[in-house]
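Notes for the structure review
The primary structure of each chain is shown beneath.
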Amino acid sequence: MNATPSLTQQPLQHVEEWDDFIAGRYREGKGESEFRQYDREANPAIAEFYRLNHAGQTLDFVLGKEKQYGSLTRGKRSIGEAADYLNTLVDDSDPDTDLSQIEHLTQTSEAIRKDGHPRWFVLAGFLHDLGKVLCLYGEPQWAVVGDTFPVGCAWSETIVFHEYFAENPDARVAEYQTPCGIYETQCGLDQVHLSWGHDEYIYRVTRQYVPEPAQYMLRYHSFYPAHRHGAYRHLMSAHDEAMFGWVEKFNRYDLYSKGAAKPKLQELRPYYEDLIAEFFPAEIDW
Ligand SMILES: [Fe+2]
Ligand SMILES: [Fe+2]
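An account of the accompanying structure is given in this report. Bear in mind that the values here come from a model prediction, so they are computed numbers and not experimental data.

Moving on, we get to the coordination of the iron ion (ligand 1). The coordination sphere of the iron ion (ligand 1), as far as protein atoms go, consists of Asp129 (OD), His198 (NE2) and His221 (NE2), spread over 2.0 to 2.2 Å. Separating the iron ion (ligand 1) from the iron ion (ligand 2) is a gap of 3.8 Å, bridged by Asp129, which donates to each. Placement of the pair is His198 in helix H8 (residues 198-206) and His221 in the loop between helix H9 (212-220) and helix H10 (224-227), with a sequence separation of 23 residues.

Evaluated as defined, the whole model comprises 16 salt bridges. Taking the shortest distance from any N to any O, the salt bridge between Lys76 and Asp285 comes out at 3.0 Å. In this pair, Lys76 is assigned in strand S1 (residues 76-77) and Asp285 in strand S2 (residues 284-285), connecting sequence segments 209 residues apart. For Lys76, a relative accessible area of 52% gives the class exposed. Here Asp190 makes a salt bridge to Arg219, at a shortest N to O gap of 2.8 Å. Here the residue Asp190 occupies a position in the loop between helix H7 (119-127) and H8, and Arg219 occupies one in helix H9, the gap between them amounting to 29 residues. Residue class for Arg219 comes out buried when judged on its relative accessible area of 9%. Overlapping salt bridges, with partners in common, bring together Glu16, Asp19, Asp129 and Lys132 in one network.

Before going further, it helps to spend a moment on the packing of aromatic side chains. Overall, the coordinates contain 26 aromatic pairs when judged by the stated rule. Feature note: the residues Phe21, Phe49, Tyr50, Phe161 and Tyr164 constitute an aromatic cluster, connected by ring pairs. Across the ring face of Tyr224, the terminal group of Arg25 is positioned such that the distance to the ring centre comes to 5.9 Å. The ring of Tyr271 carries the charged tip of Arg113 above its face, separated from the ring centre by 3.6 Å.

Here is what the cut-offs are and how they apply
Every chain begins its residue count from 1, and numbering advances along the sequence as written. Whichever chain is written first is A, and whichever ligand is written first is 1; the rest continue in order. Residues qualify for local features only when their pLDDT is at least 70, as the model is predicted, and side-chain atom pairs are given and counted only at 80 or more; totals for whole chains, interfaces and linings, by contrast, use all residues. As a convention, hydrogens and water are excluded, and side-chain values are obtained from all of the structure's heavy atoms. In this analysis a donor is any N, O or S atom within 2.8 Å of a metal ion (3.2 Å for sodium, potassium and calcium), and since water is not included, sites may seem incomplete. The numbering of helices and of strands both runs from the N terminus, where a helix is a DSSP run of H or I of at least 4 residues and a strand a run of E of at least 2. Salt bridges, as used here, are contacts in which a Lys or Arg side-chain nitrogen is within 4 Å of a carboxyl oxygen on Asp or Glu. A 1.4 Å probe rolled over the protein chains alone gives each residue an accessible area, and that area as a share of the maximum for its type sets the label: buried under 20%, exposed over 50%, partly exposed in between. Pairing of aromatic rings covers Phe, Tyr and the six-membered ring of Trp, with a centre-to-centre limit of 6.5 Å; geometry is then stacked below 30 degrees between planes, edge-to-face above 60, and tilted otherwise. Definition used: whenever NZ (Lys) or CZ (Arg) falls within 6 Å of the ring centre and also within 35 degrees of the ring normal, the charge is taken to sit over that ring.

Given below as structure tokens:
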């Protein structure tokens, strides 16, 4: 279960490379033509990462991961312990990473706090990437990060590196290749299986403790085809549409807080301990 994926399954130096790619892609004011320069030649590691992701995220794969992790049997941990655990993912001495995991989480949540948003919104900022502990469970990068998309129905043309879906076995299942696939029109996203990754996992771990808009932020923050490109509206309910206002609000902080000054973690610790205690018991199931 904890088997380390082979090197060929891990094309990125570390999973933050995907986050950086996304941030570059949606840099404010960046045009569609610039975006297109991200091809295999310009960024072979990213392209290979997406190839593995698009080939491997089948409906069967997702259902299997939902079953494997959905009942939260990986043990009990406090939120603080999970954050410390996640921080072991990237070695501090890694010259390519200027921010630790906790620093990225805190930078996001501090930017939200500075704008005067409610405490649950700040909390969502602090929690949003904790699902990346999946890497430490031995999951390959392509099953932890990457823009998410529904499985069991046609892949939107707005998904980056769409051509790699040709390698996905679901491409040969006619039922999965219609716009709605196995779902009903406007059935609501809760009925829809998205590609497996850190979003769905942290949503499942925390959903009983945080308010609904925070659940949407955690669950759909990597669902760029929907929240950035307006795709998959035919599967969303009116309630999803309303809640996606929060997801869009959140996305700005995830993408654009990285340039801010490094958060002073020691000073901020009491604030976050209080915030976490307000919503969570001492330990929760992971
Ligand atoms: Fe994330
Ligand atoms: Fe993030």
